[in-house]
Amino acid sequence: MNRGTLVDDADLAAHLDDPGWRVFDCRHLLSDPDAGRRAYAAGHLPGAFFLHLDRDLSGPTSGRNGRHPLPDPLQLAATLALTGVSATTQVVAYDDSGGMFASRLWWLLRWLGHDRVAVLDGGIERWLANGRPLTTDPPRSSPGAMTVALRDWVVSCDEVLADLPIGRFCVVDARSPDRFRGENETLDRVGGHIPGARNRFFRDNLGADGCFRPAVELRREFQSLLAGRPPQEVVMSCGSGVTACHNLLAMEIAGLPGARLYAGSWSEWCSDPARPVACEAPAASV
């Protein structure tokens with residue numbers, strides 16, 4: 001069975017010894033880039049490999065391409081293959097941030113053409129809350145083989161800019177409402193958002209238990225936000241192309257596939273002062 005969005009801790013626990021499954025720890029702190037690796041070394045899910053947001057799940061930065069540009073797809077595929085991932089492997093990603101970083105790996109693998117990938121719902125917190133073990137033992141695996149069949153799921157900065165007077169795209173920004181409005185900006189040099197964008201804070205996809213909310217609720221709220229626009233016209237954005245993937249996962253859970261990613265997001269957009277900036281309240285919000 002192909003798990004393509006979420007797995008729960010019981011399902012994952014039943015497959016920890018399954019050679020057809022690979023688990024990846026994606027924990028990260030934007031304010032402390034080495035925190036995830038330290039947390040992994042202190043204890044991780046049995047058999048889990050560690051992937052670093054900056055070094056594995058992102059490409060080199062230039063100062064003009066955003067804080068987390070997309071990695072080279074062939075290099076990412078090679079990194080995953082070294083851990084044993086192949087075409088039939090079920091991949092599971094987890095973190096301790098409600099899927100904030102795990103959803104980046106989820107989207108990247110699907111972008112490469114690998115659909116057998118899911119996020120651990122509730123992350124490591126739910127795993128521990130249900131009494132499941134951690135280990136400090138290093139994972140072992142034989143290399144696999146990945147074939148890249150890259151999907152046309154990325155929208156460039158130039159495409160977003162050219163579309164502003166046309167309005168074919170429905171840009172949805174996953175940042176918090178205050179950062180969307182241009183307030184309390186601590187990560188990027190300029191506050192605000194892409195003109196015409198709508199705001200959907202990625203944490204609104206989660207319930208009080210840290211798990212994704214029911215599909216019917218997500219579907220209702222995204223449909224209200226989009227106000228009749230089909231998912232195929234949606235371009236997901238955020239600060240640097242990470243939490244936008246959380247919204248893409250939520251839409252997939254909701255049965256609304258087809259949205260694309262503006263990977264450079266706000267950190268790329270605001271790097272050029274010639275690009276317009278808006279700071280007004282969202283046009284539509286949930």
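Here we summarise the structure given alongside this text. Note that the structure is predicted; figures quoted are calculated from it, not measured.

A tally of helices and strands in the protein yields 10 helices and nine strands. Whereas a compact globule of 286 residues would reach a radius of gyration of roughly 19 Å, the protein reaches 18 Å, a difference of no more than 12%. Overall size of the protein, expressed as C-alpha extent along the three principal axes, is 55 × 40 × 35 Å. When the 286 residues of the protein are sorted by exposure, 52% land in the buried category. In the protein, 77% of the contacts between residues at least 6 apart in sequence involve partners at least 24 apart.

Residues other than glycine seldom take positive phi values, yet Ala 227 does so here, at roughly 50 degrees. Note on Ala 227: relative accessible area 59%, which makes it exposed. Of note in the backbone geometry, Ser 265 takes a positive phi value of approximately 50 degrees without being a glycine. With respect to the helices and strands, Ser 265 occurs in helix 10 (residues 265-269).

Below, the discussion takes up helix 2 (residues 35-42). Because an α-helix packs 3.6 residues into every turn, residues spaced three or four apart end up facing the same way. Within helix 2 the residues assigned to the buried category are Ala 35, Gly 36 and Tyr 40. Here the buried residues of helix 2 occupy an arc of 135 degrees about the axis, which is enough to place them on one side. Turned more than 90 degrees from where helix 2 packs its buried face, Ala 41 and Ala 42 sit exposed. Looking at the buried positions of helix 2, the neighbouring elements they touch are strand 2 (21-25) and strand 3 (49-50).

Glancing now at the sheet that holds strand 5 (residues 117-120). Here we have five strands laid out as an open sheet, ordered 1-5-4-2-3, and parallel in their pairing. The sheet is open, and its two edges are formed by strand 1 (6-7) and strand 3, each paired on a single side. Note: strand 2 against strand 3, two bridges, orientation parallel. By the bridge assignment, Phe 24 is partnered in strand 3 with Phe 49.

On the basis of which strands lie adjacent, the open sheet formed by four strands has the order 7-6-8-9 and parallel pairing. This sheet does not close on itself; its edge strands, each paired only once, are strand 7 (198-199) and strand 9 (260-261). Two elements, strand 6 (residues 170-173) and strand 8 (residues 234-237), share four bridges in a ladder whose sense is parallel. Bridging from a neighbouring strand, Val 172 pairs with Met 236 of strand 8.

Our next topic: the nonpolar core. Counting 53 residues, the largest nonpolar core has Phe 24, Leu 80, Leu 105 and Trp 107 as its most contacted members. For this core, the secondary-structure elements that each account for two or more residues are helix 3 (73-82), strand 4 (90-94), helix 4 (102-112), strand 5, strand 6, helix 8 (215-226), strand 8 and helix 9 (243-253). Per element, the largest residue contribution to this core is eight residues, and it comes from helix 4. Apart from the residues lying within four places of it in its own chain, the contact partners of Phe 24 are Phe 49, Leu 51, Leu 80, Thr 83, Val 85, Val 91, Val 92, Ala 93, Tyr 94 and Leu 105. If you look at the next biggest cluster of nonpolar residues, it comprises 13 residues, including Val 155, Val 160, Phe 169 and Trp 266.

Topologically, Arg 198 is positioned in strand 7. For the buried residue Arg 198, which engages in no salt bridge, the nearest side chain bearing the opposite charge is Glu 233, 8.1 Å off.

So, about the side chain of Ser 58. Structurally, Ser 58 is set in the loop between strand 3 and helix 3. Polar contacts involving the side chain of Ser 58 include one to the main-chain carbonyl oxygen of Leu 53, which spans 2.8 Å. Among the polar contacts made by the side chain of Ser 58, one reaches the side chain of Arg 104 at a distance of 3.4 Å. When near neighbours in sequence (up to four residues on either side) are disregarded, Ser 58 contacts Leu 53, His 68, Pro 69, Leu 70, Pro 71 and Arg 104.

Calculation rules
- Residue positions are counted from 1 within each chain, in the order its sequence is given.
- Local features in this predicted model are restricted to residues of pLDDT 70 or higher, and side-chain atom pairs are both shown and tallied only at a pLDDT of 80 or more, whereas totals for entire chains, interfaces and linings draw on every residue.
- Side-chain measures here rest on the full set of heavy atoms in the structure, leaving out hydrogens and waters.
- Starting at the N terminus, helices and strands are each numbered in turn, a helix being any DSSP run of H or I of at least four residues and a strand any DSSP run of E of at least two.
- In this setup the radius of gyration rests on C-alpha atoms only. A globule is expected at 2.2 Å times the number of residues raised to 0.38.
- Partly exposed describes any residue whose relative accessible area lies between the buried limit of under 20% and the exposed limit of over 50%, with all areas from a 1.4 Å probe on protein chains only and scaled to the type maximum.
- A contact between two residues is defined here by any heavy atoms of the two lying within 4.5 Å.
- Along the arc lie the directions from the helix axis toward the C-beta atoms.
- Criterion used throughout: strands pair if DSSP finds at least two bridges between them.
- What we call a nonpolar core is a set of buried Ala, Val, Leu, Ile, Met, Phe, Trp, Tyr and Cys residues that are connected through their side-chain atoms within 4.5 Å.
- In this tally, Asp and Glu contribute negative charge and Lys and Arg positive charge; neither His nor the terminal groups of the chain are included.
- A pairing counts as a salt bridge when a side-chain nitrogen of Lys or Arg comes within 4 Å of a carboxyl oxygen of Asp or Glu.
- Polar contacts, as counted here, are pairs of nitrogen or oxygen atoms within 3.5 Å of one another; within protein the pair requires one atom able to donate a hydrogen and one able to accept it, and residues that are adjacent in sequence qualify only if both atoms are side-chain atoms.

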